[in-house]
Amino acid sequence: MMDVSGVGFPSKVPWKKMSAEELENQYCPSRWVVRLGAEEALRTYSQIGIEATTRARATRKSLLHVPYGDGEGEKVDIYFPDESSEALPFFLFFHGGYWQSGSKDESAFMVHPLTAQGVAVVIVAYGIAPKGTLDHMVDQVTRSVAFVQKRYPSNKGIYLCGHSAGAHLAAMMLLADWTKHGVTPNLRGFFLVSGVFDLEPIVYTSQNVALQLTLEDAQRNSPQLKVAQAQPVDPTCRVLVVVGQFDSPEFHRQSWEFYQVLPVQIILKTIFQ
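In this report, the structure presented in the accompanying data block is examined. (Residues numbered from 1 in each chain as written. Predicted model: local features only at pLDDT ≥ 70, side-chain atom pairs only at ≥ 80, totals over all residues. Heavy atoms only, no water.)

### Looking at the layout of surface pockets
Our working definition: Any residue with an atom within 4 Å of a point lines the site, the site being either a cavity, points on a 1 Å grid over the protein atoms alone where a 1.4 Å probe fits but cannot get out, or a pocket, an open set with protein on both sides within 12 Å along at least 5 of 7 lines. Grid points are joined across faces, edges and corners, and a volume is the space filled by probe spheres set on the points. To qualify as a helix, a DSSP run of H or I must reach at least 4 residues; to qualify as a strand, a run of E must reach at least 2; elements of each kind are numbered from the N terminus. Three categories are distinguished: nonpolar for Ala, Val, Leu, Ile, Met, Phe, Trp, Tyr, Cys and Pro, charged for Asp, Glu, Lys and Arg, and polar for the others, with Gly belonging to the last.
Its boundaries defined by the atoms lining it, the largest pocket holds a volume of some 1500 Å³. What lines the largest pocket is a set of 46 residues, and nearest its centre among them are Val33, Ala41, Leu42, Tyr45 and His163. At the level of elements, helix 2 (38-59), strand 3 (90-94), strand 5 (158-163) and strand 6 (187-193) are the ones that each hand at least two residues to the lining of the largest pocket. It is helix 2 that provides the largest number of residues to the lining of the largest pocket, a total of nine residues. Here the residues of the lining of the largest pocket sort into 23 nonpolar, 19 polar and four charged.

Okay, here's the thing in structure tokens:
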């Protein structure tokens, strides 16, 4: 891994003055867990997700492994309230895992509280690295949103939520060109939890071993650099940016700076807690 402290980047960007070791530390979320060690935190998070998904599949009305495309793994799980119809709000969740781990099969932890409030929940699978490229993941997520809109055209709003890498993929939907998908989704809200919105720092960390991002790849897929110039978003659609109290300073900076470039009419608020 290269030392980024001396490669001539502008000093006003904090991460560009960091040593490779510090940058690696900043972009390794499990190292910032307070109550558990890094490995135990990852195991616990995964186990909670698996148990919640097993429970949701056993107790909620659902359609599982529904294809939204022809590619391997292009599937969604859809969970419905007890009294369901097509005229429901739909909550789409994109899992985290630094674009290289995690799955829809361990990500249904929000199903019970949301379906209890009359919301349909869609958990989206996408092709993680190293097999899948970031460009392809963005395309898959875009197609999954279009799929839900086409399948449930009478929906009362589509709300996108992602955690970590999933927050990045959700944010990329602010830049999507829906015309080529033949549909304009009824987007009503974004919930972006502990996301990475400028991918350039990732290029210089061990996370890039699987991703194999070039600088051009990172810039092309950084909503931080593009959202201010994007097509205007419906002002009735709101964006909530959330970062954890004990997330690293770089994760706090990422969320704060993304919040600052969002069009003012779509910002709900930013939560730091």
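### Section: the packing of aromatic side chains
Basically, it comes down to this: Under the pairing criterion, centres of Phe, Tyr and Trp rings, with the six-membered ring standing for Trp, must be within 6.5 Å; the plane angle then separates stacked pairs below 30 degrees from edge-to-face pairs above 60, leaving the rest tilted. Classification of residues uses two cut-offs on accessible area relative to the type maximum, computed with a 1.4 Å probe and protein chains only: under 20% is buried, over 50% is exposed, and between them is partly exposed. Here, over-ring charges are defined by two tests on the NZ atom of lysine or the CZ atom of arginine: distance to the ring centre within 6 Å, and angle to the ring normal within 35 degrees.
By the definition in use, this model includes ten aromatic pairs. Considering the side-chain rings of tyrosine 27 and phenylalanine 251, the 5.8 Å spacing of their centres and the 45 degrees angle between planes classify their relative orientation as tilted. Separated by 224 residues along the polypeptide, tyrosine 27 in the loop between helix 1 (20-26) and helix 2 and phenylalanine 251 in helix 9 (residues 249-261) bring together distant segments of the chain. Pairing phenylalanine 197 with phenylalanine 258 gives two aromatic rings, centres 4.3 Å apart and planes at 15 degrees, and the pair type is stacked. Here phenylalanine 258 lies in helix 9 and phenylalanine 197 lies in the loop between strand 6 and helix 6 (208-211), a separation of 61 residues in the sequence. Here phenylalanine 197 and phenylalanine 258 have matching classes, each one buried. Taken together through their ring pairs, the aromatic side chains of Phe80, Phe90 and Tyr152 make up a single cluster. Between the NZ or CZ atom of lysine 61 and the centre of the ring of phenylalanine 80, over which it lies, the distance is 5.7 Å.

### Section: the packing of helix 4 (residues 134-151) against helix 5 (residues 165-172)
Keep this limit in mind: Fitted lines through C-alpha atoms serve as axes, helices being fitted only where they are in contact, and the angles separating the N-to-C directions of these axes extend from 0 to 180 degrees. We call a crossing left-handed when the near helix sits turned anticlockwise from the far one by less than a right angle, and right-handed when that turn is clockwise. Here, residues are in contact when the closest pair of their heavy atoms is within 4.5 Å.
It is at 9 Å that the axes of helix 4 and helix 5 come closest, and there the two elements cross at 65 degrees. You can see that helix 4 and helix 5 cross each other, and the crossing is right-handed. Mapping the contact onto sequence places Leu134, Met137, Val138 and Val141 in helix 4 and His168, Leu169 and Met172 in helix 5. The residue makeup of the contact of helix 4 with helix 5, split by class, is six nonpolar, one polar and no charged.

### Brief notes about the side chain of glutamine 207
Within the secondary structure, glutamine 207 sits in the loop between strand 6 and helix 6. Take glutamine 207: its relative accessible area is 14%, and that puts it in the buried class. Beyond its immediate sequence surroundings of up to four residues, glutamine 207 is in contact with Tyr27, Tyr98, Gln100 and Ile202.

### Overview of the pairing of strand 4 (residues 120-124)
This is how the line gets drawn: Here, any two strands with at least 2 DSSP bridges between them count as paired.
Extensive coverage of strand 4 is indicated by the burial of five of its five residues. Alternating residues of strand 4 divide into Ala120, Val122 and Val124 and Val121 and Ile123, and every residue in both groups is buried. Sheet topology places strand 2 (residues 75-79) next to strand 4; four bridges connect them, and they run antiparallel. Residue pairing in the sheet places valine 76 in a bridge with valine 124 of strand 4. Where strand 3 lies against strand 4, five bridges are found, and the strand directions are parallel. In the sheet register, phenylalanine 91 faces strand 4, and the bridge partner there is valine 121.

### Observations regarding unusual backbone geometry
Cis rather than trans, the peptide bond between alanine 129 and proline 130 has omega equal to 10 degrees. For proline 130, the position within the fold is in the loop between strand 4 and helix 4. Non-glycine residue histidine 65 carries a positive phi angle of around 60 degrees. With respect to the helices, strands and loops of the structure, histidine 65 is situated in strand 1 (residues 62-67). Backbone geometry places glutamine 212, a non-glycine residue, at a positive phi of 55 degrees.

Any link to function would need more than the numbers given here.
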